[in-house]
Amino acid sequence: MTVALSSQPAAAAPRDAVLSFITEKAWLDLACELIPAGQPEAENPLDPDLPGGKEEGIALLLADKLTALGFGVDLKARTPHRLNVIADLPGAQEGPSLILNDHLDTYPAGDWAAWTMTDGHPFRPTRHGDLLYARGTSDTRGNLACTLLAVEAIRAAGVRLKGTLKCVYTADEEKNGPDGSIFLLDECGLAADYTIVCEPTAWTAPDGGWGMGIAIANCGNFLVEVETTGIKTHLWRPDTGINAITKMMELLPQLEKMSFAHTPAPHAGGTPPMVTVLRISGGVPREMQFTPDSCKAVLGVVGILPGMTRDSVMADINRVIAGALAADPTLKAEARPFPGALFVDGTGEQEADAEPVRALRKAYGEVLSGEPKLYRKNAFNDTIRFSERGFKAVTFGPGEDGWAPVNESIHIGKAVAATRILALTVMDLLGVEE
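The rules we used
Residues numbered from 1 in each chain as written. Predicted model: local features only at pLDDT ≥ 70, side-chain atom pairs only at ≥ 80, totals over all residues. Heavy atoms only, no water. UniProt positions renumbered as here; feature names shortened; annotations may be inferred. Helix = DSSP H or I, 4+ residues; strand = E, 2+ residues; numbered from the N terminus. Axes fitted to C-alpha atoms, helices over the stretch in contact; angles between N-to-C directions. Parallel < 35°, antiparallel > 145°, perpendicular 65-115°, else oblique. Left-handed = near helix turned anticlockwise from the far one by under 90°. Contact = heavy atoms within 4.5 Å. Nonpolar A, V, L, I, M, F, W, Y, C, P; charged D, E, K, R; others polar. Pairing = 2+ DSSP bridges. Core = buried A, V, L, I, M, F, W, Y, C linked by side-chain atoms within 4.5 Å. Buried < 20%, exposed > 50% of the residue type's maximum accessible area, 1.4 Å probe, protein only. Arc of directions from axis to C-beta. Salt bridge = Lys/Arg side-chain N within 4 Å of Asp/Glu carboxyl O. Phe/Tyr/Trp six-rings, centres within 6.5 Å; stacked < 30°, edge-to-face > 60°. Lys NZ or Arg CZ within 6 Å of the ring centre and 35° of its normal.

A. Region of interest: the UniProt feature "domain: Peptidase M20 dimerisation" (unreviewed entry) in the protein chain. Annotation from UniProt places "domain: Peptidase M20 dimerisation" (unreviewed entry) at residues 217-325. Span residues 217-325 is 27% helix and 29% strand, its end C-alpha atoms 37 Å apart.

This is the structure we're talking about:
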């Protein structure tokens, strides 16, 4: 059963006007405009050794829309074609400041033919029942549409905010933020009292009921390269050499089952600290007559919690490899950070009764029945970059943490509800002039 929108009466005419502006049609129209903008150029693979995306198409579209809404807009880039949007709406008087954040890049669509729900075109928004399908619907242009529509509703209702509202839309989030949030925070002086990152936090229960959580913390991640070395020999005499791929196959299960030293967090996250294999390569083209003497694997370390560090993660992995070396004298293996990979910290938790969590919880209760779940999000998003620099930042949005390789989708009813929650939260946090 789907959670119903609350029929609770509005407290004031401006609030009524804001909520009535936020309709299914308004969200769908905006989402269907934003999702394909600047694509597929904005696809941005996590792989540090591959080129990044180009987000300027969607950035320029958003800049025009925010300018029309009365924001002062600044476009900043650390790398050509990778624009970040900083839009500022000064408050009518002294008051707090709030950043609404989303990112402009998406992860790659992969094989277009596999997008069966969009007729083979991953960037063609297509509705099926309550779901809108396309790359970027859930992560995160559908969520971005929520932030923009919430702001548009506030402006259309003539609401004057006491505090300052900033809409910040970043490049390079899928690669952990060097050209985006890190650049804006460390080189451009971006700051605010509070940040709400509108990324996926929604959930669906087995009985069909649904809601949205508030991610009050995040887990981190890291990429590690492991290499095994063997002795090359002719394929007719494999018994005279040491096959590096075979040795890697024996080592990887030990790494996948390993445990990391860590202190459990109050909100632990959906995935414990663990290893997953992302790439493996061995053998040399034009040398199929010979067994491989080198094999490399790229590991993703996920579920990283506060207190874990780059050094501690490498030490734990090296302990497993040392044990394998001791058990097998023919094994030669070493681990190193993957070149160019950033270590992403797990973050501390925001307090449930402090801003901006309080305001989000209050608005959630007005729009949807019940309390939102407070939890630790397992994935990277720009919330981490704000939090690790001491800003009060949380994540809230209607997408779900499925991260579908193909046929990505977002629930339309959740998107409408999230937009209303965001609009009420902005007015509560920043205050409204009577």
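From this point on, the discussion continues.
B. Up close: the packing of helix α4 (residues 137-156) against helix α10 (residues 412-430). The geometry of α4 relative to α10 is characterised by a closest axis approach of 8 Å and an angle of 55° between their N-to-C directions. Our classification of the angle between α4 and α10 gives oblique. Seen from above, α4 lies across α10 with right-handed handedness. Here Cys 146, Thr 147, Leu 149, Ala 150 and Ile 154 of α4 lie close against α10, whose contacting residues are Ala 415, Ala 418, Thr 419, Leu 422, Ala 423, Val 426 and Met 427. Within the contact of α4 with α10, the residues separate by chemical class into 10 nonpolar, two polar and no charged.

C. Molecular detail of the sheet that holds strand β11 (residues 220-229). Strand order in this open sheet of four strands is β12-β13-β11-β14, and the pairing throughout is antiparallel. Unpaired on one side and paired on the other, β12 (274-282) and β14 (333-337) mark the two borders of the sheet. Strand-to-strand, the axes of this sheet are offset by a mean angle of 25°, without reference to chain direction. Where β11 lies against β14, five bridges are found, and the strand directions are antiparallel. For Val 226, the partnering residue across the bridge sits in β14 and is Ala 335.

D. Focus on the nonpolar core. Membership of the largest hydrophobic core comes to 70 residues, with the highest contact counts inside it found for Trp 27, Leu 165, Met 212 and Phe 396. Counting residues in hydrophobic clusters, the runner-up holds 34 residues, among them Leu 251, Ala 265, Val 298 and Val 313.

E. Structural view of the side chain of Asn 221. Topologically, Asn 221 is positioned in strand β11. Look past the residues within four positions of Asn 221 in its chain and what remains in contact with it is Asn 176, Val 301, Ile 304, Leu 342, Phe 343, Val 344 and Phe 380.

F. Geometry of helix α1 (residues 13-21). Those residues of α1 not exposed but buried are Arg 15, Val 18 and Leu 19. Axial view of α1: buried residues confined to an arc of 90°, hence all on one face. Facing away from the buried side of α1 by over 90 degrees, the exposed positions are Ala 13 and Ser 20. Contacts made by the buried residues of α1 are with α4, α8 (357-367) and α10.

G. Geometry of the environment of Pro 306. Along the chain, Pro 306 turns up in the loop between β13 (294-304) and α7 (310-327). Sequence separation between Pro 306 and Gln 93 is 213 residues, and the spatial gap between their C-alpha atoms is 38 Å. In this structure Pro 306 touches Gly 346, Thr 347, Gly 348 and Arg 376, once residues within four positions along its chain are discounted.

H. Inspection of the pattern of salt bridges at higher detail. Under the definition given, this model contains 32 salt bridges. A salt bridge links Asp 47 to Arg 279; the shortest N-O distance between them is 2.8 Å. Here Asp 47 is found in the loop between α2 (24-34) and α3 (56-68), whereas its partner Arg 279 is found in strand β12, with 232 residues between them in sequence. A relative accessible area of 33% means that Arg 279 is categorised as partly exposed. Residue Glu 366 is joined to Lys 362 by a salt bridge in which the shortest nitrogen-to-oxygen separation is 2.9 Å. Here Glu 366 and its partner Lys 362 are both found in helix α8, four residues apart, which amounts to about one turn of the helix. One salt-bridge network, in which partners are shared between bridges, spans Glu 55, Arg 78, Arg 82, Asp 172 and Asp 179.

I. Seen up close, the packing of aromatic side chains. One pass over the full model with this rule turns up two aromatic pairs. Aromatic pair Trp 112 and Phe 123: ring centres 5.9 Å apart, planes at 75°, arrangement edge-to-face. Of the two residues, Trp 112 is situated in the loop between β3 (97-103) and β4 (126-128) and Phe 123 in the loop between β3 and β4; the sequence distance between them amounts to 11 residues. The exposure class of Phe 123 is buried, given its relative accessible area of 4%. Between Phe 222 and Phe 343, the aromatic rings sit 5.3 Å apart at their centres with planes inclined by 65°, giving edge-to-face as the arrangement. Highlighted residues: Phe 222 in strand β11 and Phe 343 in the loop between β14 and α8, separated in sequence by 121 residues. In this structure, Phe 222 and Phe 343 share a single accessibility class: buried. One residue, Lys 373, lies across the ring of Trp 203, its end atom 4.1 Å from the ring centre.

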